[in-house]
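Next come the chains, spelled out residue by residue.
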Amino acid sequence: MSRKLIVATSNPGKLREMAEYLTGLNWQLELKPQELEIAETGTTFIANARLKASEVAKALGEWAIADDSGLVVDALNGAPGIYSARYGKTDTERITRLLTALGEESQRQAKFICAIAIARPDGTIALETKGVCPGEILRETRGEGGFGYDPIFYVPELQKTFAQMSSETKNRVSHRGKAFAQLLPELAKL
Ligand code: ITT
């Protein structure tokens, strides 16, 4: 018998990627109701992932999975970090603000971080993991795929931005891909 797993996100790009990792497992995925919004009051990615998973699980009385992620830019002292979603109203605004903040700065190292938590129906945390993907911030957008900050996040080893990669390639190298690679064997044991 398959159990229900609520995917606790309102971000369609994230949802698509999360679903790609989670299909084919013995879990029946269901999206959280839109009106159920959890305030991200934590000060770390892990804390916010736990909070979202736990509150959604408790509210619905079901297992829930949440992802808290963001872009950490060295030359901006780690900004936008856990505030990546709140850095602007749209993806375009967020990208423009980041490129303006960096200006002609030559130190453009950055990393994407993804924390994932899975909560039991009573809100206790059953699993959590974190994945990191290092890269650089370009001076302009490149590529059409992906979502969010993907068009300005360049991975030197592949000589491509996340937005220029196939979804298979992004899923293999990304912060979310790394977090799920650790999570999936543990999820299978639950
Ligand atoms: P939920 O909390 O509802 O899941 P959110 O968009 O608010 O959705 P976060 O608080 O975790 O999610 O913020 C993540 C931010 O980082 C958001 O602006 C994303 O677009 C961006 N982001 C995360 N992963 C990304 C990826 O793989 N590619 C590009 N941008 C990403």
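Preceding this section is the structure that the text describes.
These numbers come from a predicted model, not from an experiment. Within each chain, residue numbers correspond to sequence positions counted from 1 in written order. Given that this is a predicted model, residues contribute local features only at a pLDDT of at least 70 and side-chain atom pairs are listed and counted only at 80 or more, while totals for whole chains, interfaces and linings are drawn from all residues. Hydrogens and water molecules were not included; the side-chain quantities draw on all heavy atoms of the structure.

On to the pairing of strand 1 (residues 3-7). Here, any two strands with at least 2 DSSP bridges between them count as paired. A run of DSSP states H or I qualifies as a helix once it reaches four residues; a run of E qualifies as a strand once it reaches two. Both are numbered from the N-terminal end. Direction of pairing for strand 1 relative to strand 2 (residues 27-31): parallel, over a ladder of five bridges. When the bridges of strand 2 are listed, I6 appears paired with E30. Handedness of a crossover: with both strands directed away from the viewer, a clockwise path from the first strand across the helix to the second marks it as right-handed. Between strand 1 and its parallel partner strand 2, the chain crosses via helix 1 (residues 12-22), and the hand of that crossover is right-handed. The pairing of strand 1 with strand 3 (residues 63-73) spans three bridges and is parallel. Within the sheet, the bridge partner assigned to I6 lies in strand 3 and is A64.

Counted at 1.5 Å a residue, the expected span for helix 2 (residues 45-60) with its 16 residues is 22 Å, and the 23 Å between its end C-alpha atoms agrees. Throughout, a contact is declared for two residues whenever any of their heavy atoms are within 4.5 Å. Against the buried residues of helix 2 lie strand 1, helix 1, strand 3, strand 4 (109-119) and strand 5 (125-137). Note on helix 2: the residue one or two positions beyond its end, G61, has a positive phi of about 65°. Helices are assigned an expected span. That span is 1.5 Å times one less than the residue count.

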